[in-house]
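Report on the structure
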Amino acid sequence: MNIVGKDVRDNYYPRVTCDLGIVRRNTSEVMQRAESAGIEVAGVVKCVNGLPEVAKVLQDAGCRWIATSRMDQFIKMREAGITAPFMLIRVPMLSEVPEVIDLCDVSLNSDMLLLEALDAEACAKNKTHNVILMAEVGDLREGFWDRDELIDAARFTETARGLHLLGLGMNIGCYGSVAATKDKMQELVDAAELVEAAIGRRLEVLSGADTTAFPRVLDHTMPERINNMRLGEILVIGRDLQDLYDCPTPFLDRTAWHLQAEVLEVHRKPTHPIGELCTDAFGHKQVYTDRGIRKRALLGIGRLDYAFPEELIPTEPGIEVIGASSDHTIIDIEDCSRELKAGDIVEFEIRYTALLYLTDDSNVAIEYI
Ligand SMILES: *Cc1c(COP(=O)(O)O)cnc(C)c1O
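Keep in mind that what you see is a predicted model, and the values were worked out from it rather than measured.

1. Overview of the nonpolar core
Considering soluble globular proteins, one finds that nonpolar side chains tend to be buried as a cluster. If you look at the biggest cluster of nonpolar residues, it comprises 102 residues, and the most contacted ones within it are I66, L133 and W257. For this core, the leading source of residues is helix α7 (residues 182–199), giving 7 residues. Viewed by domain, this core spans two of them, domain 1 (20–244) and domain 2 (257–368), each represented by three or more residues.

2. Description of the domain arrangement of the protein chain
Split by domain assignment, the protein chain resolves into domain 1 (20–244) and domain 2 (257–368). Computed over C-alpha atoms only, the centres of domain 1 and domain 2 are separated by 36 Å. Taken together, the contact pairs 15 residues of domain 1 with 12 residues of domain 2. Between domain 1 and domain 2, a total of about 1,200 Å² is buried, with carbon and sulfur atoms accounting for 62% of that surface. Linking domain 1 with domain 2 are 2 salt bridges. One can count 6 residue pairs in polar contact (both at pLDDT 80 or more) joining domain 1 with domain 2. Every element with two or more residues in the side of domain 1 that touches domain 2 is listed here: α1 (20–36), α2 (52–60), α9 (233–236) and α10 (240–244). Of the residues in the side of domain 1 that touches domain 2, the class split is 8 nonpolar, 1 polar and 6 charged.

3. Some thoughts on unusual backbone geometry
Of all residues except glycine, most have a negative phi; of all peptide bonds, most are trans. Cis peptide bonds are those with omega within 30 degrees of zero, and the linkage from Y13 to P14 qualifies with 0°. Looking at the element boundaries, P14 is found in the segment before β1 (15–18). Positive phi is not limited to glycine here, since N126 has a value of about 55°. Locating N126 in the fold gives a position in the loop between α5 (112–124) and β6 (129–134).

Reading the values: the criteria
Residues numbered from 1 in each chain as written. Predicted model: local features only at pLDDT ≥ 70, side-chain atom pairs only at ≥ 80, totals over all residues. Heavy atoms only, no water. Core = buried A, V, L, I, M, F, W, Y, C linked by side-chain atoms within 4.5 Å. Buried < 20%, exposed > 50% of the residue type's maximum accessible area, 1.4 Å probe, protein only. Helix = DSSP H or I, 4+ residues; strand = E, 2+ residues; numbered from the N terminus. Domains from an automatic or database assignment. Contact = heavy atoms within 4.5 Å. Buried area = accessible area lost by both parts, 1.4 Å probe. Salt bridge = Lys/Arg side-chain N within 4 Å of Asp/Glu carboxyl O. Polar contact = N/O pair within 3.5 Å; in protein donor to acceptor, adjacent residues only side chain to side chain. Nonpolar A, V, L, I, M, F, W, Y, C, P; charged D, E, K, R; others polar.

As structure tokens, this is what we get:
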């Protein structure tokens, strides 16, 4: 067995397994569909903390950029031999401008102070840094809301010696839960046309959002001028559109990632706590359903590793996650046909947020199969 990056025993748990073959096939399915819609892809690896093994799959599949939100992940990927140009998709911090200029081919930007600092740093290093300006379209995270400010920023970038205005971008579905409708996507094209009128040339890249906008590619309603997408979840995990967005994706295999955890104890116990109830370990008042005496198991993994127990999906029938503290997960196994005992391994499929935590966790081994 090959547990990458960890010097651990073969029977070390908890463990995340990744089937890179599934990631490769899913990525290729998505890339084909993007390509026929005239869309090039920035492959986003922040959902797995920039694991180089995953970045390599996206690079080999032909992503124009490998993208993430944090500088330490770029450094780790370069050291591991990822050669694709890098796109920084969290608008930069003033304090990391030198690293952005050193490491990234392009960054998303939404603040004049940052543009000035990037220009100064690029000039000092005799470099040209590519900029995608973010237009706020209502999800209310990053981006210029005022279109005159957007145009001012575009004019500045256009004439700055150290910067190249590569294009415009928008983000959606992250904070404001705003849906990527055809009209919403068109707002990016409208903003681009304002900017193009102001600078007197056509922009090369219109970068329209993330996985949540991919349904517009599938139903052929993505505005034609949008020619770039920054895709992470749909390439690396492939669950969200089907599970959460009511968008069937039969061409994706949702089982690339699994979590394995070890059983610590098995007992039959009451399901409602006994005594006067205060708050749980996290200061929350909880509601417990009394289901009588049921068999349950305790696992050696907890919120410290994955944060959200509801993001774990047991692969075995008759197993249900009923709660967790920092280091323990409690599962109901009354209806499980396997006779679980201490030392046994229980397996889960994993959603986005849990994987985000699990792949950044020194306590969790990662095995590629
Ligand atoms: C996270 C992120 C993406 C990718 O999101 P997925 O849902 O993983 O496809 C794209 N753009 C920006 C700005 C992001 O922050």
